[in-house]
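Each chain, letter by letter, is given below.
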Amino acid sequence: MEIKTEIQNILNVVESKIGRVLNVDHSKMEIALDHSRNNQALTIKVLSILGGILATLAFVVFLYVARFDKSQTALYCFSAIFLILSLWMNKRYDKVLLDTISVCLYLLGYVLFGMATDISRVEPFVCHLLFSLFAIVTLTISRSYILTFISVLIFTGSLIAVIFDFHHPDLLHVLLSIASLMTVYFTLNEAKFLKINFTSGKRYQAIRTGLTFSYLICLYFVGRSLSDENWAYNYISSAIQILILLWLINYLLNRFHCEEMGKKIFIFIVVLVCLGFTAISPAISGSLLLLLLSFKVNYRTGVALGIMGFIYSIGMFYYDLNITLLQKSLIMFGSGVFFILLYFLIFKKSNSHEKA
């Protein structure tokens, strides 16, 4: 009741602002509100995914015990049955328990198909391409939050596996750039995608969450594939992330009516100096981009993931530096002094504006 009253108050404020009465379908709004109440929290969805993974592992162990893992035909048949059954169950029912079962069957379908292709001596890249194809089909058919989220992750993971199958880890930088652009575009155009039937409602949330995790996965693999041979690609990837970050900062400054060119130039220089020293690691600028992007749209999951990704990437960057421990300590000390001075400078400027 309190939520309905609050929504009505918001509508009254909007109507008073625009000077006319809004044509609102209150019956559909109440149905949507009741449906949103029945939606489970992210924790429940994560637990259902973990439950499906554990059940999948248990069934795989059973296959090994029953010696079904040697039958290629049986594995293909079980795989097809489980994939079709999971999609049918997911499309027919919308319950948490059944979601867990459908996730279990869905993952089992992938696992059994992978085991069957291994027995058939199918090339790994063919198997991974088929995985990505299955994920696209699932993304097209399913209307479930969990299966949509998993299919986005499987599609990204399959592309990464194909890249490693061909022994071209440098292509990870291309995938990272595409993932960053898609995540930014999809996140900033929420209203546009919610109007489209294919991405409306919880499907948009699932795809956005899947893209966010996929972006972090790409950042992780790019960060772990650092070597002396591909340092130029790391700088290029960092340059792309930093350019998108600067564009987003400029967008936010314009939104907050910060039109003084001197302030903008100062902020851009500080960002370039801070991130320029870490350009060898695209994960640092990428995690900051995710953090700022999620903060702009008030996406709490993205903010939390961005913070964790930034802390992890900074730690790995410090750990991977090929210098002595004393030099690392001096760098950390100098960085701390720089950020403290920067904080006092910004704090002093903000106080002077408040007094004025």
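These notes cover the structure that comes with them. Just so it is clear, the structure is predicted and the values come from calculations on it, not from any experiment.

### Thoughts on helix α11 (residues 231-255)
Thought 1: For α11, with 25 residues, the first-to-last C-alpha span of 36 Å sits near the 36 Å given by 1.5 Å per residue.
Thought 2: Taken residue by residue, α11 has N234, S237, S238, Q241, I242, I244, L245, L246, L248, I249, L252 and L253 as its buried positions.

### Considering the side chain of R208
Thought 1: Checked against the element boundaries, R208 lands in helix α10 (residues 202-224).
Thought 2: For R208, the residues in contact, after removing those within four places along its chain, are F186, T187, E190 and Y299.

### Topic: a nonpolar patch on the surface
Thought 1: Taken together, the side chains of M261, I265, I269, V273 and F277 present a nonpolar region at the surface, about 520 Å² in accessible area.
Thought 2: Inspection of the secondary structure assignment puts I269 in helix α12 (residues 261-276).
Thought 3: A relative accessible area of 47% places I269 in the partly exposed class.

### A short note on the pattern of salt bridges
Thought 1: Counted according to the given criterion, the structure contains one salt bridge.
Thought 2: The salt bridge involving E190 is made with R208; its shortest N-O contact spans 3.9 Å. Pair noted here: E190 is in helix α9 (residues 190-195) and R208 is in helix α10, with a separation of 18 residues, a long-range link.

### Side note on the packing of α11 against α12
Thought 1: Their axes nearest at 11 Å, the elements α11 and α12 cross at an angle of 150°. Relative to α12, α11 is oriented roughly antiparallel. Considering the relative orientation of α11 and α12, their crossing is right-handed. Here I242, L245, L246, I249, N250, L253 and N254 of α11 come into contact with α12, specifically with K264, I267, F268, V271, L272 and L275.
Thought 2: Looking at the contact of α11 with α12, its residues break down into ten nonpolar, two polar and one charged.

How each quantity is defined
- Residue indices follow the written sequence of each chain, beginning from 1 at its first position.
- In view of the model being predicted, local features appear only for residues whose pLDDT reaches at least 70, and side-chain atom pairs are presented and counted only at 80 or more, with totals across whole chains, interfaces and linings using the full set of residues.
- Hydrogen atoms and water are omitted, and side-chain values are computed over all heavy atoms in the structure.
- The numbering of helices and of strands both runs from the N terminus, where a helix is a DSSP run of H or I of at least 4 residues and a strand a run of E of at least 2.
- Every helix has an expected span of 1.5 Å times one less than the residues it contains.
- The classification of residues rests on relative accessible area computed with a 1.4 Å probe and restricted to protein chains. Under 20% of the type maximum is buried, over 50% is exposed, and intermediate values are partly exposed.
- Residue contacts are counted whenever heavy atoms from the two residues lie within 4.5 Å of one another.
- The patches reported here contain residues having more than 30% relative accessible area and no salt bridge. Joining distances are 9 Å for like charges and 5 Å for nonpolar side chains (Val, Leu, Ile, Met, Phe, Trp, Tyr).
- Under the convention used here, a 1.4 Å probe and the Shrake-Rupley method define accessible areas, while residue burial counts only the protein chains that appear.
- A side-chain nitrogen of Lys or Arg and a carboxyl oxygen of Asp or Glu constitute a salt bridge if their distance falls within 4 Å.
- The axes used here are C-alpha line fits, helices contributing only the stretch in contact, and every angle between their N-to-C directions lies in the interval 0 to 180 degrees.
- Between 65 and 115 degrees an angle is taken as roughly perpendicular, under 35 as roughly parallel, over 145 as roughly antiparallel, and anywhere else as oblique.
- We call a crossing left-handed when the near helix sits turned anticlockwise from the far one by less than a right angle, and right-handed when that turn is clockwise.
- The classification used treats Ala, Val, Leu, Ile, Met, Phe, Trp, Tyr, Cys and Pro as nonpolar, Asp, Glu, Lys and Arg as charged, and all other residues, Gly among them, as polar.

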